[in-house]
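Here's the letter readout for the chains.
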Amino acid sequence: MAELRALVAVKRVIDFAVKIRVKPDRTGVVTDGVKHSMNPFCEIAVEEAVRLKEKKLVKEIIAVSCGPAQCQETIRTALAMGADRGIHVEVPAAEADRLGPLQVARVLAKLAEKEKVDLVLLGKQAIDDDCNQTGQMTAGFLDWPQGTFASQVTLEGDKVKVEREIDGGLETLRLKLPAVVTADLRLNEPRYATLPNIMGAGPKASASGNGSADVAPMEAGCRRLGQGRPVNRGLPCAESQEEED
Amino acid sequence: MEGMVMRPLRGGALLRRNFLTCLSSWKAPPRIPRSSQSEALLNIANNGLPYAPLQTFTEEEMMLKRTVERFAQEQIAPLVLTMDENSKVEKSVIQGLFQHGLMGIEIDTIYGGTGASFFSSVLAIEELAKVDASVALFCDLQNTLINTLIMKHGTEEQKATYLTKLATEEIGSFCLSEAGAGSDSFSLKTRADKKGDYFVINGSKMWISHAEYAGLFLVMANVDPTRGYKGITCFLVDRGTEGLHIGKPENKLGLRASCTCPLTFDNVKVPEANVLGQIGHGYKYAIGMLNKGRVGIAAQMLGLAQGCFDYTIPYIKERVQFGTRLFDFQGLQHQVAHVATQLEAARLLTYNAARLAEAGRPFIKEASMAKYYASEIAGRTTSKCIDWMGGAGYVKAYPVEKYFRDAKIGTIYEGTSNIQLNTIAKHIDAEY
């Protein structure tokens, strides 16, 4: 019954293993020349979409990313993992700093309607801002049901059963499609993009082109006032004992 | 950050948050140092004009490098210690190499290969060597020696028979050296006598890498010793052919997970169809292919040295003696800068030789320079790293001593340093 189409949102973030440095003027963290990769939870979302496609429950996977030009790399990774098409919503580097969950959710909602998808998959949160908002807001804009913190996703005809990891334990929801699902850590273990898939992602990416900015206007989002290291309160914690260099 | 906890859970390893984080077991994934982040993406709009720095990669090369890096960190790193101790490579590692297309990087996709460039092989070998030089050797020999030989000189039938297997499941072994023929490889004594439509091979080989795991052997034997080296021919011999005996693996100083065995050929019958290329041209093929092989070894030594260096620097930035970080002693800083410069030079030599080879331009001198230099500085870098780590560098609980042992073979195999210098001098002679 492979008629379903899925939209997977992927975010380009600073790689988890990089040592974060705060900029000297304390307006943010250093991102220039720093290694970036796909948000780990987004990888899990892509993997889930690809598995659904392999089970022939989903027909097409569209990967979308909002941000500066380098987001193309992230989309290509998604394509190499098994997505069919990529959409890059280009945001100039200067404005990308102010891009927050609200703006991204608006974009995703518009795209989901435009592409007529049945399932929107995202990671539960990004490892740089830890907002945990985009999925929920997207569902709000679309007025679709949402299953967040998913640790298991099962498609059942026109419904999707989502097992959620919540504070009290596990909660199982049955949502009517179309729906928004955000992936939690234990949903699956993402595959590596194999080399042949990486080579094959090239032709795929060039077919997608950029989703243009007519999708959603970027209004001024939140403005970051300052960013710095946490104050050392003398507590035994390995992180706070690392020296600032 | 959640991301920090997540990755180790996936790999099954534990991230131990010790006070001196660097003294945690080397099974924990290390931080990505800034030094190895100087890559940029090739601007295709430039038509790839060579004004770009050597460390400029295409998108595919960049993705490949990243993927191999992750694969090496997550799937190979936890097993390195046991593989070294037991002198045995884990099956899962070999399977992983095949599954990720790392054993058929340049093989055409119609045969099930990856269809990528030679430079991609170099990058893959370098990334693997940062974690384990033995595993990198599997990737290197298969891609630069075995696959190249068959792709270049194989008939359509031979390619169809072997290339797919080599890309997906079978390891190949290159058999040239003998007890009496090392640097002087063309004085090899293994004979191949023609008997009807068969050749019968008799003789023995020594120092043959991966013989224990290989399914295919490329054997260099002489069909007519009276013609000297012009009788050397390359034969494709399948494992299990009667008369082919694989000896016990050597107990080596380094590269222990890569098994090295002697072979004996006792009236091994090989059909005429299994001659690779032309009879008597084996020496030409060997020389030709060893040129690219040199760049591969340079990449391996480069990765090894870089991996060792990347492990050591965070340590000396954390360790404090006499109230000062080791890294803050100027004497040490000078040593570190010296080694880092040599590493950079080796990288540029290697990348340039690879790009020259890809461009179809002459690269033999550059390849020899790259191999010679990379292997020499790998030895020096690893030795220095042990010095900087102090006692911790001397024990097997930390990986530095393994890098040191593994580096030694670099100046010896695939053309000793002396041979490389000979080659370079020969080219210089021809230039002036």
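Residue numbers run consecutively from 1 along every chain, following the written order of its sequence. Numbering of ligands from 1 and lettering of chains from A proceed in the order in which they are written. At least 70 in pLDDT is required for a residue's local features to be given in this predicted model, at least 80 for side-chain atom pairs to be given and counted, and no such filter applies to totals for whole chains, interfaces and linings, which use all residues. The side-chain figures draw on all heavy atoms in the structure; neither hydrogens nor water molecules are used.

**A few points about the packing of helix α10 (residues 364-389) of chain B against helix α12 (residues 417-431) of chain B**
Residue and element names in this part refer to chain B. Operational definition: A fitted line through C-alpha atoms serves as each axis, taken over the contacting stretch for helices, and the angle formed by two N-to-C directions is quoted from 0 to 180°. Secondary structure counts use DSSP, requiring at least four H or I residues in a row for a helix and at least two E residues in a row for a strand, with both numbered from the N terminus. By definition, any crossing whose near helix is turned counterclockwise from its far helix by less than a right angle is left-handed, and any crossing with a clockwise turn is right-handed. Residues are treated as being in contact if the distance between any of their heavy atoms lies within 4.5 Å. Three classes are used: nonpolar for Ala, Val, Leu, Ile, Met, Phe, Trp, Tyr, Cys and Pro, charged for Asp, Glu, Lys and Arg, and polar for all others, with Gly counted as polar.
As a packed pair, α10 and α12 sit with axes 9 Å apart at the nearest point and diverge in direction by 145°. Pair α10 / α12 crosses with left-handed handedness. Counted together, I364, K365, S368, M369, K371, Y372, S375 and E376 of α10 and S417, Q420, L421, T423, I424, H427, I428 and E431 of α12 form the full contact between these two elements. Classifying every residue of the contact of α10 with α12 by side-chain character gives six nonpolar, six polar and four charged.

**Let's talk about empty space enclosed by the protein**
Residue and element names in this part refer to chain B. Stated formally: Cavities and pockets were defined on a 1 Å grid built over protein atoms only: a cavity is a set of grid points that admits a 1.4 Å probe from which the probe cannot escape, a pocket is an open set flanked by protein on both sides within 12 Å along at least five of seven lines, and lining residues are those with an atom within 4 Å of any such point. Grid points are joined across faces, edges and corners, and a volume is the space filled by probe spheres set on the points.
Within this structure, the stated rule accounts for two cavities of 30 Å³ or more. In this structure, the largest cavity occupies an estimated 40 Å³ of space. Forming the walls of the largest cavity are 10 residues, and the residues nearest its centre are V131, D132, K402, Y403 and D406. Of all elements in the fold, only α5 (118-131) and α11 (400-407) reach the threshold of two or more residues within the lining of the largest cavity. The biggest single contributor to the lining of the largest cavity is α11, with three residues.

**Overview of the nonpolar core**
Cut-off, in case you're wondering: Nine residue types can take part in a nonpolar core, namely buried Ala, Val, Leu, Ile, Met, Phe, Trp, Tyr and Cys, and a core is a set of them joined through side-chain atoms within 4.5 Å. Partly exposed residues are those whose accessible area sits between 20% and 50% of the maximum for their type, while under 20% is buried and over 50% is exposed, using a 1.4 Å probe and protein chains only.
I76, L128, F174 and F235 of chain B are the most contacted members of the largest nonpolar core, which has 174 residues in total. Counting residues per element, this core draws most heavily on helix α8 (residues 282-318) of chain B, which supplies 19 residues. Beyond its immediate sequence surroundings of up to four residues, F235 of chain B is in contact with A192, F199, I201, F217, L218, V219, A221, V223, V270, N274 and V275 of chain B. By size, the runner-up hydrophobic cluster in this structure holds 22 residues, among which are L99, V107, A109 and A139 of chain A.

**Focus: the packing of aromatic side chains**
Residues and elements named next belong to chain B. Basically, it comes down to this: Geometry of aromatic contacts follows a simple scheme: Phe, Tyr and Trp rings, the Trp one being its six-membered ring, pair when their centres are within 6.5 Å, and the pair is stacked under 30 degrees between planes, edge-to-face over 60, tilted otherwise. Whether a charge sits over a ring depends on NZ of Lys or CZ of Arg being within 6 Å of the ring centre and within 35 degrees of the ring normal.
Evaluation of the coordinates by the stated rule reveals 10 aromatic pairs over all chains. Centre to centre, the rings of F309 and W388 are 6.3 Å apart; their planes meet at 65°, and the pair counts as edge-to-face. You can see F309 sitting in helix α8 and its partner W388 sitting in helix α10, a full 79 residues away along the chain. Comparing F309 with W388, the two get one shared label, buried. The ring of F118 carries K292 above its face, with NZ or CZ at 4.7 Å from the centroid. The lysine or arginine in question, R355, covers the ring of F119, its NZ or CZ lying 3.7 Å from the ring centre.

**Some remarks on the UniProt feature "domain: Acyl-CoA dehydrogenase/oxidase N-terminal" (unreviewed entry) in chain B**
So the rule is basically this: UniProt positions are given in the numbering used here, feature names are shortened, and annotations may be inferred rather than shown by experiment.
UniProt's entry tags residues 58-170 of chain B with the feature "domain: Acyl-CoA dehydrogenase/oxidase N-terminal" (unreviewed entry), counted in the numbering of this structure. As annotated, residues 58-170 of chain B has a helix share of 73% and a strand share of 0%, and its two end C-alpha atoms lie 29 Å apart.

**Some remarks on the packing of α5 of chain B against helix α6 (residues 133-153) of chain B**
Residue and element names in this part refer to chain B. Basically, it comes down to this: If an angle is under 35 degrees, it is roughly parallel; if it is over 145, roughly antiparallel; if it lies from 65 to 115, roughly perpendicular; otherwise it is oblique.
The interhelical angle for the contact between α5 and α6, taken along N-to-C directions, is 160°, at an axis separation of 7 Å. The orientation of α5 with respect to α6, classified from their angle, is roughly antiparallel. In the packing of α5 onto α6, the handedness of the crossing is left-handed. Two secondary-structure elements touch here, α5 through F118, S121, I125, L128, A129 and V131 and α6 through A133, V135, A136, C139, D140, N143 and T144. Each residue belonging to the contact of α5 with α6 can be placed in one class, and the counts come to nine nonpolar, three polar and one charged.

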